[in-house]
Structures are given as C-alpha cells and as structure tokens.
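# Structural features, examined
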Amino acid sequence: MTVRIGTRASKLALTQTQQTADQLAAVGGFPVELVHIRTDGDVLTGSLSQMGGTGVFVAALRDALLRNECDVAIHSLKDLPTGAAVGLSLAATPRRVDVRDVLCARDGLKLADLPKGARVGTGSPRRAAQLRAARPDLEIIDIRGNVDTRLGRVPGLPGNAVTDVVPGKSCDLDAVVLAAAGLERISRLETVSEFLETDVMLPAAGQGSLAIECRTADAPPRPGSAEGSRDVLAQALSALDDPDTRLAVTAERALLARLEAGCAAPVGAYAFRKGSMLYLEAVVCAVDGTASVRDKRATDGLTEVGATLLGIELAEVLLAAGAADIADLQAS
C-alpha cells in the first residue's frame, strides 16, 4: 500500500508535508507519495482577506480527498475553517511548534525601534490590527506571496536573492511579519529580528500546528464515536497525534466557531496545557487598532469536550465585552 499525501506545491507546504510524510512512513512502515494539488489561493491574485481568507488554500485539498485522489492531506491548521467537512476528519494534530509571530526587519530593527512611518507588510488583518495597536504610527501594507517572496520585500535580509528596489515586489518595505513556525520549517529563522511575544501579538488559532485530514472512514476512531478505522494508516495517524496540541487547538477553534469568526476576522487565540490545567487567552481587535477586548480563562477539563467548553466560555466573555461591536467577526 502506497499512501498518497495531498499538498499544495509551495516551498513551505512541500517542506512540512514531506516532513510529516516521512514520519508517517516511519511509523506505519508503508511507502508514501506526494500529490500536488493547486488551490484557489495559489492561483488567484489580490488581497487574501478579500478572497475568503486562508480557507481558499483548503477547499481543493478537501475535494481531492473526497474524490479519492489522495489518502491524507496536510494543512497548516490555522488555514482550516472551523466548520465540519462532511466525510472528512481531522485525523491527527502533530506536536505544535513555536506559535509566535516574528518581525523580519531591515538592519535587525525591533518593533519598538522602527522609525515613525515605517512600512510593515502583512496579509493578515489579525497581525495588522495588533501592529497598529502597538505602533499606530506605522504604515501597514497588505502583501501576498509565499514566504520567500514576502521576505524579499525587506532589503538586506539573509538569504534574499534580490537587492533591487521594485515597488510592490522587492526591497520596498522596512519589515514584514510572519509566523515563526513557517520560517523554522524552511530554515529561514536567521531573517528574524524579533520574536513577538503573545502579550504583544496573540497568534492565529492553530498557528504552529499542522492538521492531517483524511476521509472519516479511514481515520482513527475518536472517543465516543463508532466511525473510523483500525488499519495501518489509522494507527500511524493516531501515533502522530499529540494530545496536548489537540486540546489546545480544540479550545482555540471552539472560540472562533462561537464567535462565528470568518477567516479574515482580527482575532488572536492561544491555548496551552500546563500541569492539570488548560489555559486559553484571546483578543478581538478593531482593524484600525484603536480598540480591543482581551481576556483569558482556564479549565481542568482535559478532554476535547472540556476544551470545547473552554473556548465557548471565553467567546461568550468577549462577546459580552463588546467584541462584535469593535470588529467585523464575519469578515472573510
């Protein structure tokens, strides 16, 4: 049996998919092959938030699974919509890596050191809102492109292939903000001038995590469910699942679902387990950075049900504090 693994063809997607494929093959003892799937997010141009947010990277992979063109698909979990996909299951959440966002700035500058009016690029309304809250004097520029393309917008970063200033294309920004996890996976952490701690910028729900999705009939059985499989693929997927990561992202995604937050809503959320408790902190921001509501909660219910209830509880707290009044939560 050769297990076919669906992936986008970007450098980051291929890298994280190959790493996961190697782990699956090692655990399951079966050969694997990568199946490249082209998504709308790879083809369409324009602002990511105006195209439907990060969900545009997921639909084609899910369709390929349902058409039996691949057996599993690897996503960045933050790209995965919170709504259930009929016939598919989130089969594994491997151990999470660094959740933080990072600043990649010219001359090694930190966020506090950027000059007034500095041009900082991001395609994320969540990052843009929190940047404006921290530094309202910055000019936030909406950008698209893969990781290398975005890093190429900042002059002098290690590993950049271009040095010419071309507005809208290269060396025309003072900094960009990206996810630490993505830079780590493609070995470009040397471009980071500052790791932005969660008190400055809460990450996207699921950031730093991967999602391994497959057809429900092929997935490991979940607690309380009779659906699923116990064949070699399901056992390998189960071995890659990290329980603490699953609890954390379940809480984060439950919060998003209760907020009815679209892919482009300016919402940050971060959960983690410490000892016998699961902690969750979240923020909802006005896109212009002028207002936000932020709070945190914890639970000792270390089950998926407990994590879900924690996310819902914190979402209710944020809504009661006016979250829906300061942000377009259904932005997509």
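Residues numbered from 1 in each chain as written. Predicted model: local features only at pLDDT ≥ 70, side-chain atom pairs only at ≥ 80, totals over all residues. Heavy atoms only, no water.

### Points about a nonpolar patch on the surface
Taken together, the side chains of Val305, Leu309 and Ile312 make up a nonpolar region of the molecular surface, amounting to roughly 270 Å² of accessible area. Tracing the sequence through the fold places Ile312 in helix α9 (residues 304-320). (Patch = residues over 30% accessible without salt bridge, like charges linked within 9 Å, V, L, I, M, F, W, Y side chains within 5 Å. Areas by Shrake-Rupley, 256 points an atom, 1.4 Å probe, with all protein chains shown as cover. Salt bridge = Lys/Arg side-chain N within 4 Å of Asp/Glu carboxyl O. Helix = DSSP H or I, 4+ residues; strand = E, 2+ residues; numbered from the N terminus.)

### A short note on helix α7 (residues 232-240)
Taken together, the buried positions of α7 are Leu233, Ala234, Ala236, Leu237 and Leu240. The buried residues of α7 occupy an angular sector of 160° when projected down its axis, which confines them to one face. Every exposed residue of α7 that faces more than 90 degrees away from the buried side is listed here: Gln235 and Ala239. The inward-facing, buried residues of α7 abut β1 (3-7), α1 (11-28), β3 (72-76), β4 (88-92) and β10 (210-215). Capping of α7 at its N-terminal end is provided by Asp231; its side-chain oxygen lies 3.2 Å from the backbone amide nitrogen of Leu233. (Buried < 20%, exposed > 50% of the residue type's maximum accessible area, 1.4 Å probe, protein only. Arc of directions from axis to C-beta. Contact = heavy atoms within 4.5 Å. Polar contact = N/O pair within 3.5 Å; in protein donor to acceptor, adjacent residues only side chain to side chain.)

### Focus on the nonpolar core
Among the nonpolar cores identified, the biggest contains 25 residues, and Ala251, Leu255, Leu259, Val267, Leu280, Val284 and Leu318 are the most heavily contacted of them. Elements represented by at least two residues in this core include exactly α8 (243-259), β11 (267-274), β12 (277-285) and α9. It is α8 that contributes the most residues to this core, six residues altogether. Membership of the second largest hydrophobic core comes to 17 residues, among which are Cys214, Ala219, Leu233 and Ala236. (Core = buried A, V, L, I, M, F, W, Y, C linked by side-chain atoms within 4.5 Å.)

### Digging into the packing of α1 against α7
Here α1 crosses α7 at 120°, and the two axes come no closer than 9 Å. One element, α1, and the other, α7, form an angle in the oblique class. In this structure, α1 crosses over α7, and the sense of that crossing is right-handed. Packed against α1, whose contacting residues are Thr20, Gln23, Leu24, Val27 and Gly28, the element α7 presents Val232, Ala236, Leu237, Ala239 and Leu240 at the interface. When the residues that make up the contact of α1 with α7 are grouped by side-chain class, the tally is seven nonpolar, three polar and no charged. (Axes fitted to C-alpha atoms, helices over the stretch in contact; angles between N-to-C directions. Parallel < 35°, antiparallel > 145°, perpendicular 65-115°, else oblique. Left-handed = near helix turned anticlockwise from the far one by under 90°. Nonpolar A, V, L, I, M, F, W, Y, C, P; charged D, E, K, R; others polar.)

### Observations concerning the environment of Pro167
Within the secondary structure layout, Pro167 lies in the loop between α5 (147-151) and β8 (175-179). With a relative accessible area of 70%, Pro167 lands in the exposed category. Taking C-alpha positions, Pro167 is 8.8 Å from Arg153, a pair spaced 14 residues apart along the chain.

### Looking at the pairing of strand β2 (residues 32-36)
By the bridge criterion, five bridges tie β1 to β2 in an arrangement that is parallel. The partner of Thr7 across the bridge, within β2, is His36. Considered for its hand, the β-α-β crossover made up of β1, α1 and β2 is right-handed. (Pairing = 2+ DSSP bridges. Right-handed = clockwise from strand over helix to strand, strands pointing away.)

### Some words on the packing of α8 against α9
Across the interface, α8 lies against α9 with an axial gap of 7 Å and an inter-helix angle of 40°. Relative to α9, α8 is oriented oblique. Judged by the twist between their axes, the crossing of α8 over α9 is right-handed. For the pair α8 and α9, the contacting residues are Arg246, Leu247, Thr250, Ala251, Ala254, Leu255, Arg258 and Leu259 in the first and Glu304, Ala307, Thr308, Leu310, Gly311, Ile312, Leu314, Ala315, Glu316, Leu318 and Leu319 in the second. Looking at side-chain class alone, the contact of α8 with α9 contains 12 nonpolar, three polar and four charged residues.

Geometric descriptors of this kind do not, in isolation, establish any biological role.
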